[in-house]
Amino acid sequence: MAKELDQIDKRIIEILDANGRASLSEIGKAVGLSGPAVGERLRGLQERGHISGFGARIDLRSLGYTIQALIRIKPRSGQLHIVERMIEEEPRFMSCDRVTGDDCYVARIALRDVSELDEIVLPLHDRAETHTSIVKSSIFDSRLPPLIKDT
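Residues numbered from 1 in each chain as written. Predicted model: local features only at pLDDT ≥ 70, side-chain atom pairs only at ≥ 80, totals over all residues. Heavy atoms only, no water.

Q: Quick one: what's the story with the environment of L33, residue by residue and with numbers?
A: Mapping L33 onto the fold places it in the loop between α2 (24–31) and α3 (35–47). C-alpha of L33 to C-alpha of L124: the two residues are 91 residues apart in sequence and 53 Å apart in space. Other than its neighbours up to four places away in sequence, L33 contacts I8, G28, V38 and R41. (Helix = DSSP H or I, 4+ residues; strand = E, 2+ residues; numbered from the N terminus. Contact = heavy atoms within 4.5 Å.)

Q: Could you give me a rundown of the packing of α2 against α3, with the residues and numbers involved?
A: Following both chains from N to C, one finds α2 and α3 inclined at 95°, their axes separated by 8 Å at the closest point. The pairing of α2 with α3 is recorded here as roughly perpendicular in orientation. Residues L24, S25, I27, G28 and V31 of α2 touch α3, and the partners they reach there are G35, V38, G39 and L42. Counted by class, the contact of α2 with α3 contains five nonpolar, four polar and no charged residues. (Axes fitted to C-alpha atoms, helices over the stretch in contact; angles between N-to-C directions. Parallel < 35°, antiparallel > 145°, perpendicular 65-115°, else oblique. Nonpolar A, V, L, I, M, F, W, Y, C, P; charged D, E, K, R; others polar.)

Q: A description of the packing of helix α1 (residues 7–18) against α2 should follow, citing residues and the corresponding values.
A: Their axes nearest at 10 Å, the elements α1 and α2 cross at an angle of 130°. In terms of their interaxial angle, α1 and α2 are classed as oblique. For the pair α1 and α2, the crossing hand works out as right-handed. Residues I8, R11, I12, I15 and L16 of α1 lie in contact with α2, whose contacting residues are I27, A30 and V31. Across the contact of α1 with α2, the residue classes tally to seven nonpolar, no polar and one charged. (Left-handed = near helix turned anticlockwise from the far one by under 90°.)

Written out as structure tokens, the structure reads:
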């Protein structure tokens, strides 16, 4: 049975979510542990699958991607696996979720210019119905939901 998260584990996860580059020493000061003890906690969190990796938050605008769009995709009959492969192989798709409802997929793409939209969407049209929305702004980026409190 998987070990439950205690308050220290939860706090470590919250700190890393806010700053993935926080040092073991910085985390230790925040949670009242030594750096090596935090390192042991992190290894345990990774081994149990609570932390699956570490990464950077990238400013896409600084890399020239000035526009993002959400695309709802509904493959035509018999085209599901081909459409999924097309999505996987197009590097401008940043994320893609299988969903319930009328559409099968909801994807997010990054574009340098709105003219790139046709390059991505038109190849899908023979195999799927698409509905695209340009993202005007984001209220917030991906964030960690509240960690369940111990009862």
